[in-house]
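Residue strings, one per chain:
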Amino acid sequence: MDTILKATSLNKSFGPIHALFDANLSINRGEVVALIGDNGAGKSTLIKILSGVFSPDSGSLQINGTAVNLRRYSVRKARSLGVETVYQERSLGEKQPLWRNVFVGRHLRNPLGFIRVKKEKEMTLAMLRNSIGLKGVGISADALVGTLSGGERQGLAISRAMHFNAGLTILDEPTTALAVGEVGRVLNFVRSIAEKGNSALFISHNLHHVHEVADRFVFVNRGTIVHQCTRAEMSVAALFDKLEQLSMAPLTPDEQR
Ligand SMILES: Nc1ncnc2c1ncn2[C@@H]1O[C@H](COP(=O)(O)OP(=O)(O)O)[C@@H](O)[C@H]1O
Ligand SMILES: [Mg+2]
């Protein structure tokens, strides 16, 4: 099996909270994997480690078969290794023009080292047209990120991942608080990532969305991965049942302390 990412025994604590406990996760090339779990289960913590936002207390990570030095890992490093994240938080880069947001950390430069602004703007416009399908004719590469709707922002972040041909695109609740029409577009984007042979790691509370786009489901409960299965093995109803069963499971003696 062609593995794009393999995380082993990841641990992360925030003070007394053991947010992630010996988490193991593998993602194959061309696969969409969904993380499922209650609020506070540790899903965002896990993807923040994979995308270089948090450094784990222990554990290891391989990307494309090569061990990553987690002490030197960062969002920028992750991007350079082909791991792009579409963040749940909407605050990032609100006051940034679209073209800068697309090329941040990866500007196109002429031989003297100057940013090729015109080229970057042209490419940004092409991305906006091709991948987001904005209806408005007035959209410009100079528009601020803050003027885009939630769906358009998600779309732009996904187009950026696609443009740079990210091996792995990570999306933390990309469909939360989107209009109905936007949700469909984001779900289509996620599927198109896999159709190009790349991978996606997707978190959503909406199990219908999850079932629509993911090839494999990974259940996270109280900081650890407790169950995995493929789409063929589980109906939407079974996903609901499993999630409910996990949330009702009694605490272990260790968790009661
Ligand atoms: N930056 C942080 N500081 C302190 N505690 C955190 C931080 N991030 C997450 N946590 C805690 O870690 C646990 C897992 O959170 P999180 O990974 O965000 O869960 P999920 O995304 O599954 O809802 C929760 O108890 C949460 O309160
Ligand atoms: Mg979360």
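Structure's up top.
Heads up: these notes are all about the structure in this document. (Residues numbered from 1 in each chain as written. Chains lettered and ligands numbered in written order. Predicted model: local features only at pLDDT ≥ 70, side-chain atom pairs only at ≥ 80, totals over all residues.)

## Description of the overall build of the protein chain
Each helix and strand counted, the protein chain has 9 helices and 10 strands in total. Of the contacts formed within the protein chain by residues at least 6 apart in sequence, a portion of 69% connects residues at least 24 apart. (Helix = DSSP H or I, 4+ residues; strand = E, 2+ residues; numbered from the N terminus. Contact = placed C-beta atoms within 7 Å.)

## A few points about the environment of Val102
Its location among the elements puts Val102 in helix H3 (residues 98-103). Taking the number of C-beta atoms within 10 Å as the measure of exposure, Val102 has 24 and is therefore buried. For Val102 and Lys121, which are 19 residues apart along the polypeptide, the C-alpha to C-alpha distance reads 9.4 Å. Beyond its immediate sequence surroundings of up to four residues, Val102 is in contact with Thr124, Met127 and Arg160. (Buried ≥ 20, exposed ≤ 12 C-beta atoms within 10 Å, placed from the backbone.)

## Section: the site of ligand 1
Close contacts around ligand 1 come from Phe14, Ile17, Ala19, Gly37, Asn39, Gly40, Ala41, Gly42, Lys43, Ser44 and Thr45, and that covers them all. The set of elements that each furnish at least two residues to the shell around ligand 1 consists of strand S2 (17-28) and helix H1 (43-50). Examining the composition of the shell around ligand 1, we find that 3 residues originate from one element, H1, more than from any other. Partitioning the shell around ligand 1 into residue classes produces 4 nonpolar, 6 polar and 1 charged. (Near = placed C-beta within 6 Å. Nonpolar A, V, L, I, M, F, W, Y, C, P; charged D, E, K, R; others polar.)

## A look at the sheet that holds strand S5 (residues 66-67)
Spatially, S2-S1-S4-S5 is the arrangement adopted by the 4 strands of the open sheet, whose pairing is antiparallel. Edge strands, defined here as strands with exactly one partner in the open sheet, are S2 and S5. Both strand S1 (residues 3-14) and strand S4 (residues 58-63) contribute to a ladder of 5 bridges, which runs antiparallel. Residue pairing in the sheet places Ala7 in a bridge with Leu61 of S4. Contacting S1 and S2, H1 runs over the sheet at an angle of about 120 degrees to S1. (Pairing = 2+ DSSP bridges. Axes fitted to C-alpha atoms, helices over the stretch in contact; angles between N-to-C directions.)

## Examining the pairing of strand S8 (residues 199-203)
Consecutive side chains of a regular strand alternate in pointing toward one face of the sheet and then the other. Burial of S8 is extensive: 5 of the 5 residues sit out of reach of the surface. As judged from the 4 bridges shared by strand S3 (residues 32-36) and S8, these two strands associate in the parallel manner. Each residue of the ladder has a partner; that of Leu35, found in S8, is Ile203.

## Re unusual backbone geometry
We note that Asp22 has phi near 50 degrees; this positive angle belongs to a residue other than glycine. With respect to the element layout, Asp22 can be found in strand S2.

## Overview of the packing of helix H5 (residues 150-163) against helix H6 (residues 180-195)
Across the interface, H5 lies against H6 with an axial gap of 9 Å and an inter-helix angle of 10 degrees. Accordingly, the angle class assigned to the pair H5 and H6 is roughly parallel. When H5 is examined against H6, the residues Gly150, Gly151, Gln154, Gly155, Ile158 and Met162 are found in contact with a partner set consisting of Glu182, Arg185, Val186, Phe189 and Ile193. Taken together, the residues that form the contact of H5 with H6 break down as 5 nonpolar, 4 polar and 2 charged. (Parallel < 35°, antiparallel > 145°, perpendicular 65-115°, else oblique.)

## Re the environment of Gly40
Here Gly40 shows up in the loop between S3 and H1. Distance in space between the C-alpha atoms of Gly40 and Arg222 is 7.3 Å, their sequence separation being 182 residues.

## A short note on the sheet that holds S8
Backbone hydrogen bonds hold the strands of a sheet together, and the pairing may be parallel or antiparallel. Here 6 strands make up an open sheet; going across it, the order is S6-S7-S8-S3-S9-S10 and the pairing mixed. Of all strands in the sheet, those bounded by a partner on one side alone are strand S6 (83-86) and strand S10 (224-230). Along the sheet, successive strands turn relative to each other by an average axial angle of 20 degrees, direction set aside. In the sheet, S3 pairs with strand S9 (residues 216-221) via 4 bridges, with the strands oriented parallel. Bridge assignment links Val33 to a residue of S9, and that residue is Arg216. Its contacts with the sheet place H1 against S3, S6, strand S7 (168-172), S8 and S9, and it is angled at close to 150 degrees to S7. Strand contacts of H5: S6 and S7, with the helix running at about 175 degrees to S6, the strand carrying the most contacts.

## Observations regarding H6
The end-to-end C-alpha separation of H6 is 23 Å, in line with the 22 Å expected for 16 residues at 1.5 Å each. Regarding H6, the residues found buried are Glu182, Val183, Arg185, Val186, Leu187, Phe189, Val190 and Ile193. Elements in contact with the buried residues of H6: S3, H5, S7, S8 and helix H7 (207-213). Following H6 by one or two positions, Gly197 adopts a phi angle in the positive range, close to 90 degrees. (Expected span 1.5 Å × (residues − 1).)

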